[in-house]
Amino acid sequence: MFALPALATLGAAGGFYAMLSGMRSGSFDPRGVPSALIGRSVPGFDLAALPGSNKPGLASRDIIAAAAQRPVLVNFFASWCVPCLVEHPHLMRLAAEGVPVFGINYHSGSQTDPGAVAWLRRHGDPFLRIGIDLTGRVAVDFGVYGVPETYIIDRQGVVRWRMAGPITPEILDEQVRPLLRRLA
């Protein structure tokens, strides 16, 4: 009678211990949810421009055309997203280095994100094009589960890397730049 609850508790404790041990050794990444899109082509989409941004909208064909020249970044962001602000200087730096960066404003269920244009004016605009994902459908097709989320697309239009969460200086230097060089 008590065996089943005791076994369940023991199993949960063992799993929790394994997770903590992995976090201590650096082998467990709580953000490490794999993306089904890695190794696959960019999903097809066509998004309207972010109103007031003076930038064109974004479609998958734009990403594929730019990626044929050199690898590109696709970044899902929102003005209300604090981690987006943390990574924003790194996107600005990449854009200044000539890396094509495309933005998708994630604001599901709203006609526009009224703060997005002001946010970009205040912090800088690294994006060549900005689409607005009004329904969240493009985010679903990419497998986004929160913002910010960034993808690297290779010359064949294939997704090669995904970052769920903000790009930090360490991630920029240890993952993003080396991969961009390797894919160039």
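Here goes a summary of the coordinates provided. No experiment lies behind these values; they were computed from the predicted model shown.

### Considering the overall build of the protein
Part 1: The helix and strand inventory of the protein stands at six helices and seven strands.
Part 2: For the protein, the α and β elements follow one another from N to C terminus as α-β-β-α-β-α-β-α-β-α-β-β-α.
Part 3: Counting over 184 residues, the protein shows a buried share of 44%.
Part 4: Taking all contacts inside the protein whose residues are at least 6 apart in sequence as the whole, residues at least 24 apart take part in 75%.
Part 5: Counting only carbon and sulfur atoms, one obtains 60% of the accessible surface of the protein, whose full area is about 9,500 Å².

### Focus: the pattern of salt bridges
Once their charged atoms are close, side chains differing in charge can pair, the charge on each being opposite to the other.
Part 1: Taken as a whole and judged by the stated rule, the model has eight salt bridges.
Part 2: Between Lys-55 and Asp-125 there is a salt bridge, with its nearest N and O atoms 3.0 Å apart. Here the residue Lys-55 occupies a position in the loop between strand S1 (46-47) and strand S2 (58-59), and Asp-125 occupies one in the loop between helix H4 (114-123) and strand S5 (130-133), the gap between them amounting to 70 residues.
Part 3: Using a relative accessible area of 22% as the deciding quantity, one classes Lys-55 as partly exposed.
Part 4: In this structure, Arg-177 and Glu-97 form a salt bridge, with 2.5 Å as the shortest nitrogen-oxygen distance. Of this pair, Arg-177 sits in helix H6 (residues 169-183) while Glu-97 sits in the loop between helix H3 (82-96) and strand S4 (101-106), and the two are 80 residues apart along the sequence.
Part 5: Judged by relative accessible area, Glu-97 falls into the partly exposed class, the value being 42%.
Part 6: Three or more residues joined by partner-sharing salt bridges are found here, namely Glu-97, Asp-173 and Arg-177.

### Concerning the state of the cysteines
Part 1: Applying the stated criterion across every chain, the model contains one disulfide.
Part 2: Here Cys-81 engages in a disulfide with Cys-84; their sulfurs sit 2.4 Å apart. Since a negative S-S torsion denotes a left-handed disulfide, the Cys-81-Cys-84 link at about 85 degrees is right-handed. Each member of the pair, Cys-81 as well as Cys-84, carries the same accessibility label: buried.

### Digging into the pairing of strand S3 (residues 72-77)
Part 1: Burial within S3 is extensive, with six of its six residues counted as buried.
Part 2: Covered by surrounding structure in S3 are Val-72, Val-74 and Phe-76 together with Leu-73, Asn-75 and Phe-77, the residues of both alternating faces.
Part 3: Of the pairings in the sheet, the one linking S3 to strand S6 (residues 149-153) comprises five bridges and is antiparallel in character. If you follow Val-74 over to S6, its bridge partner there is Tyr-151.
Part 4: Pairing geometry for S3 and S4, over five bridges, is parallel. Considered in S4, the bridge of Asn-75 is made with Gly-103.
Part 5: A crossover connection joins S3 to the parallel S4 through H3; in handedness this β-α-β unit is right-handed.

Rules behind the numbers
- Residues numbered from 1 in each chain as written.
- Predicted model: local features only at pLDDT ≥ 70, side-chain atom pairs only at ≥ 80, totals over all residues.
- Heavy atoms only, no water.
- Helix = DSSP H or I, 4+ residues; strand = E, 2+ residues; numbered from the N terminus.
- Buried < 20%, exposed > 50% of the residue type's maximum accessible area, 1.4 Å probe, protein only.
- Contact = heavy atoms within 4.5 Å.
- Areas by Shrake-Rupley, 256 points an atom, 1.4 Å probe, with all protein chains shown as cover.
- Salt bridge = Lys/Arg side-chain N within 4 Å of Asp/Glu carboxyl O.
- Disulfide = S-S within 2.5 Å.
- Pairing = 2+ DSSP bridges.
- Right-handed = clockwise from strand over helix to strand, strands pointing away.

By themselves, these observations are geometric and do not establish any function.
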